[in-house]
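Structural overview
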Amino acid sequence: MKKFFRFVCKSLTAFLIVSTLWVLVYKWVDVPATPLMGIRKLQSTQKHTIQHRWVALSKISKELQLAVICSEDQRFLEHKGFDKKAIEKAIAEHKAGKRLRGASTISQQTAKNVFLWPHRSWVRKGLEIYFTFLIESLWSKERILEVYLNSIEMGNGVYGAEAAARYWFNTSASNLNKEEAVAIAAILPNPRKYLANPASAYTQKRKAWIVVQMRNYGSLLLSD
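Right, let's walk through the structure included here. Sequence order as written defines the numbering, with residues in each chain counted from 1. Local features in a predicted model are, by the rule used here, given only for residues with pLDDT of at least 70; side-chain atom pairs are given and counted only at 80 or more, and totals for whole chains, interfaces and linings are based on all residues. Note that the side-chain values use all heavy atoms of the structure and ignore hydrogens as well as water.

With respect to the overall build of the protein
On a plain count of helices and strands, the protein comes out with 10 helices and 3 strands. Its helices and strands taken in sequence order, the protein reads α-α-β-α-α-α-α-α-β-β-α-α-α from the N to the C terminus. Note on method: radius of gyration uses C-alpha positions; expected globular size equals 2.2 Å times residues raised to 0.38. Computed over C-alpha atoms, the radius of gyration of the protein comes to 18 Å, within 12% of the 17 Å expected from 2.2 N^0.38 for 224 residues, which places it in the range of a compact globule. By principal-axis analysis of the C-alpha atoms, the protein measures approximately 60 × 45 × 40 Å. Whether a residue is buried, partly exposed or exposed follows from its accessible area with a 1.4 Å probe, protein chains only, as a fraction of its type maximum: under 20%, in between, or over 50%, in that order. Sorting the 224 residues of the protein into buried and exposed places 45% on the buried side. In this description, accessible areas are obtained by the Shrake-Rupley approach with a 1.4 Å probe, and a residue is regarded as covered only by the protein chains that are shown. Accessible area for the protein stands at about 12700 Å²; split by element, carbon and sulfur atoms hold 58% of it. The convention is simple: Lys and Arg are positive, Asp and Glu are negative, and His and the chain ends are not counted. By convention, charge coordinates are those of NZ in Lys, CZ in Arg, CG in Asp, or CD in Glu. Here the protein contributes 34 positive and 17 negative side-chain charges, whose respective centroids are spaced 8 Å apart. A run of H or I in DSSP counts as a helix once it spans at least four residues, and a run of E counts as a strand once it spans at least two, with each numbered from the N terminus.

Printed below as a string of structure tokens:
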């Protein structure tokens, strides 16, 4: 029994050290690939091309940065990784008989996309909380948003703002205008199902909602 506990303690210590170093490395080093990219490629029965090109946050349109924050996590700059108000609202709506919806922040989505796998489980959720705490402690908000916008799925085989800008609108991430930025943000709930261009009825409806949120939000006070 002592050997078992010693093994558990050593394993836990090793995990804490390795995971912390991993997060620290990505504080400065661009993320080359994510687990989801590999999973999608393995799941595909046809030729699956991954489109992914990293760019600095300063090379990503402010319109896209704002559109994504307004559509995914409007309290991103205020919270420490977890949006208590959004969680409480989701629980209240579920108790009222509505479908339980997610309340994941941009920080949580970044932790999941970069360090974990997409399938839901209690183990993954626990690790997601742990990695969210790490990136919020070791990275700046600017770095979290930069990694998020360079890593998330924005189309079938399309990852990150630069690849999405070129795939959907044949332009660069820095040159996306408001209309284009909002269209990309609108498909994030299911980027393999919805189209940014030409926009489906769902995308058009969500675009209109995001534009209102952007107007109400105001300027994005975030340095590059």
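Considering helix 5 (residues 106–115)
Most of helix 5 sits inside the fold, with 9 of its 10 residues counted as buried. Along helix 5, the residues classified as buried are I106, S107, Q108, Q109, T110, A111, N113, V114 and F115.

Some points on unusual backbone geometry
The omega angle of the peptide bond from N197 to P198 is 0°, so this bond is cis rather than trans. The residue N170 is not glycine, and still its phi comes out positive at about 55°. Here N170 shows up in the loop between helix 8 (161–169) and helix 9 (178–186).

Focus on the packing of helix 3 (residues 62–72) against helix 10 (residues 201–217)
Packing of helix 3 against helix 10 brings their axes to within 9 Å, and their N-to-C directions diverge by 100°. Compared by their axis directions, helix 3 and helix 10 come out roughly perpendicular. For the pair formed by helix 3 and helix 10, the contact residues are E63, L66, A67, I69, C70, S71 and E72 on the first element and R206, W209, I210, Q213, M214 and Y217 on the second. Here the term charged refers only to Asp, Glu, Lys and Arg, the term nonpolar to Ala, Val, Leu, Ile, Met, Phe, Trp, Tyr, Cys and Pro, and the term polar to all other amino acids, Gly among them. Of the residues belonging to the contact of helix 3 with helix 10, the class tally is 8 nonpolar, 2 polar and 3 charged. For helices, the fitted axis covers only the stretch in contact; all axes are lines through C-alpha atoms, and the angles between them, taken along N-to-C directions, range from 0 to 180 degrees. Roughly parallel means an angle under 35 degrees; roughly antiparallel means over 145; roughly perpendicular covers 65 to 115; every other angle is labelled oblique. For this analysis, residues touch if any pair of their heavy atoms sits within 4.5 Å.

Quick word on the nonpolar core
One broad trend across soluble globular proteins is that nonpolar side chains are buried collectively. Among the nonpolar cores identified, the biggest contains 54 residues, and F115 and L145 are the most heavily contacted of them. Taken together, the elements giving at least two residues each to this core come down to helix 3, helix 5, helix 6 (122–138), helix 7 (141–151), helix 8, helix 9 and helix 10. Discounting residues that sit within four places of it in the chain, F115 has contacts with W22, V23, Y26, P35, T110, F131, I135 and W139. As used in this record, nonpolar core signifies buried Ala, Val, Leu, Ile, Met, Phe, Trp, Tyr and Cys residues forming a set joined through side-chain atoms within 4.5 Å.

Some words on the pattern of salt bridges
The salt bridge definition used is simple: a Lys or Arg side-chain nitrogen within 4 Å of an Asp or Glu carboxyl oxygen. Under the criterion given, the structure shown has 10 salt bridges. Notably, a salt bridge pairs D83 with R75, separated by 3.0 Å at the nearest N-O pair. Residues E162 and R166 are paired through a salt bridge, measuring 2.8 Å at the closest nitrogen-oxygen approach. Taken as a pair, E162 and R166 lie in helix 8 at a separation of 4 residues, close to a single helical turn.

Let's talk about the sheet that holds strand 2 (residues 153–155)
Within a sheet, neighbouring strands are paired by backbone hydrogen bonds and run either parallel or antiparallel to one another. The pairing criterion is simple: DSSP has to find at least two bridges between the two strands. Strand order in this open sheet of 3 strands is 1-3-2, and the pairing throughout is mixed. On the outer flanks of this sheet lie strand 1 (51–52) and strand 2, each paired with one strand and no other. As paired elements, strand 1 and strand 3 (residues 158–159) share 2 bridges and run parallel to each other. Residue pairing for strand 3: Q51 is matched across the bridge by V158.

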